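Residue-level structure breakdown
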Amino acid sequence: MKQDLNQRKNIRLESHDYSRAGCYFITICVIEKHPMLGKILPVQQEIVLSEIGWTVKNEIRKIPDCYEDVAIDKYVVMPNHIHMILTTGNRTQIATSVSRIIKQFKGSITKQIGFSLWQRSFYDHVVRDQKDYRRLCQYIEMNPSAWKEDMFFVLDSE
């Protein structure tokens, strides 16, 4: 019984090749969901990033420079998590998987700030079509204004 508790469930889509061209909605959470990346101004409903939050934002912006044919179409840095839409194109050389991109992204931030900020793993959703893509873009845009209804909302982030 104890052995079952220690094994993590694989949350990746089994039949999908994450190194091929695709569009992915990614969510990465801060360990124990501490609001270390910033706070939401309640009246303006916009985020004010902490120093760590700015480091995260800058690293998100660097991802396309580090990988051939990878783009970040949209993203938001929230107090205790980030969302991004990561698009990978057809690459001629050996493709880097989405998991590898996220692992290196997290590692770069850990190295810069001097400690591990992130929960293990990340959530991904393979974007199915244009309707799905538009829905996720809107979700990212509206995330700061819907913070109090967000599943990751914590009181001490205001």
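**What to know about the side chain of H83**
Structurally, H83 is set in strand 5 (residues 81-88). Within the local environment of H83, its side chain forms a polar contact with the side chain of T27, the two groups lying 2.8 Å apart. One polar contact links H83 to H81, side chain to side chain, over a distance of 3.1 Å. Those residues in contact with H83, other than ones at most four positions away along the chain, are F25, I26, T27, K74, Y75, V76, Y139, I140, N143 and F152.

**Here's the deal with unusual backbone geometry**
The backbone phi angle of D69 is positive, close to 60 degrees, even though this residue is not glycine. Within the secondary structure, D69 sits in the loop between helix 2 (51-66) and strand 4 (70-77). Overall, the relative accessible area of 41% leaves D69 in the partly exposed class. Non-glycine residue S121 carries a positive phi angle of around 70 degrees. Note that S121 resides in the loop between helix 3 (98-113) and strand 6 (123-126).

**Overview of the confidence of the model for the protein chain**
Model confidence for the protein chain is summarised by a mean pLDDT of 85, while 82% of its residues fall at 70 or above. Confidence scores differ between elements of the protein chain, with helix 1 (residues 2-6) showing the lowest mean pLDDT of 47 and helix 2 the highest of 97. With pLDDT under 50 throughout, residues 1-5 is counted as low confidence; its partners more than four residues away or in other chains account for zero contacts.

**A closer look at the pairing of strand 5**
Here is the key point about a regular strand: its side chains alternate between the two faces of the sheet. A large share of strand 5 lies buried, amounting to seven of its eight residues. Note: strand 1 (residues 22-29) against strand 5, eight bridges, orientation antiparallel. When the bridges of strand 5 are listed, I28 appears paired with I82. Of the strand pairs in this sheet, strand 4 and strand 5 are connected by seven bridges, and their pairing is antiparallel. Its bridge partner lying in strand 5, V76 is registered against H83. Hairpin connection from strand 4 to strand 5: three residues lie between these consecutive antiparallel strands.

**Points about the sheet that holds strand 5**
Either a parallel or an antiparallel arrangement is found when strands of a sheet pair, and the pairing is made through backbone hydrogen bonds. Strand order across the open sheet formed by four strands is 4-5-1-6, with antiparallel pairing between neighbours. Looking at the sheet topology across the chains shown, the edges are occupied by strand 4 and strand 6. Mean inter-strand twist for the sheet, computed between neighbouring axes without regard to direction, equals 20 degrees. Pairing between strand 1 and strand 6: four bridges, direction antiparallel. Across the sheet, the residue bridging to T27 is Y123, located in strand 6. Strands strand 1, strand 4, strand 5 and strand 6 of the sheet are contacted by helix 4 (residues 130-142), whose axis makes an angle of about 150 degrees with strand 5.

Calculation notes
Residues numbered from 1 in each chain as written. Predicted model: local features only at pLDDT ≥ 70, side-chain atom pairs only at ≥ 80, totals over all residues. Heavy atoms only, no water. Helix = DSSP H or I, 4+ residues; strand = E, 2+ residues; numbered from the N terminus. Polar contact = N/O pair within 3.5 Å; in protein donor to acceptor, adjacent residues only side chain to side chain. Contact = heavy atoms within 4.5 Å. Buried < 20%, exposed > 50% of the residue type's maximum accessible area, 1.4 Å probe, protein only. pLDDT = per-residue confidence, 0-100. Pairing = 2+ DSSP bridges. Axes fitted to C-alpha atoms, helices over the stretch in contact; angles between N-to-C directions.

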